[in-house]
Amino acid sequence: MRDLGVAPSDSTSYSYQHSGRLGYHADPNDVVALLCIRPAKSGGLSCIVSSVAVHNEVVRTRPDLAEVLYRPWWRDRRSGDGPDSFYESPVYTVDSAGALSTSYGPDYMRSALRGAHVPPFTPAQLEAMELLDRLNNDRRFMLAMDLRAGDMQFLNNHVTLHSRTEYVDHPEPERRRDLVRLWLNTEQDRHAAS
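Definitions and limits used
Along every chain, residues carry numbers that run from 1 in the direction the sequence is written. Two thresholds apply to this predicted model, a pLDDT of at least 70 for residue-level local features and 80 or more for giving and counting side-chain atom pairs, whereas whole-chain, interface and lining totals are computed over all residues. Hydrogens are left out, water is left out, and the side-chain values use all remaining heavy atoms of the structure. Per-residue accessibility, obtained with a 1.4 Å probe over protein chains only, is compared with the maximum for each type, and a residue is labelled buried under 20%, exposed over 50%, and partly exposed between these values. Where helices and strands are cited, they refer to DSSP runs of H or I of at least four residues and of E of at least two residues respectively, numbered from the N terminus. Following DSSP output, two strands are said to pair if at least two bridges run between them. As a rule, the C-alpha atoms of each element are fitted with a line to give its axis, helices using only the stretch in contact, and angles between N-to-C directions run from 0 to 180 degrees.

Caption draft 1: Up close: the pairing of strand S11 (residues 160-164). Within S11, five of the five residues are buried, which leaves it mostly tucked inside the rest of the structure. Every second residue of S11 is oriented toward a common face, with Thr160, His162 and Arg164 on one face and Leu161 and Ser163 on the other, all of them buried. In terms of strand pairing, strand S1 (residues 22-25) meets S11 through two bridges, oriented antiparallel. Within the sheet, the bridge partner assigned to His25 lies in S11 and is His162. As paired elements, strand S4 (residues 46-50) and S11 share five bridges and run antiparallel to each other.

Listed below in structure tokens is the structure:
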């Protein structure tokens, strides 16, 4: 994963293709793994948060907004401008075994608004996103890691959200930040139930 200099607002760009800060999100797989080949010159911290702890805090303090997060939200695949680029899914789901799974990606949820058939956020949705963004950045729930060359990270996307701070890269190409990402699916049936 390298900074390719793309504009974050480009309808076909992906978050990892620029050096800006990423909002907390879960990738669309069971596990995301990172291998740091080279860190950036500065910044680029990997930040994680327990989405279960955040969920429980939302339920405890704002059950009205928890209900909103269990309803479908529009998302953007960023695969172009056609209707197939947009789909709906809830932020929180519970499978038949009672396991909570979180699917949050504020950047892709906000960019879904570019879809002609996608309605604007409701006031309750805006409030729910603001609450999630605040809690995800709350020191009680998050941990920041400065990945160095050779470090590996494995995260369960169902119960962990991750982010990255903005970074400045080295000017020399051979010293630029380089991370390898691997997406793993471990339980195919779990996604069929969600």
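Caption draft 2: How the structure looks around the sheet that holds strand S13 (residues 178-184). Here we have three strands laid out as an open sheet, ordered S10-S2-S13, and antiparallel in their pairing. At either end of the open sheet lies a strand with only one pairing partner, and these are strand S10 (152-156) and S13. Looking at each pair of strands side by side, their axes are set apart by 15 degrees on average, direction ignored.

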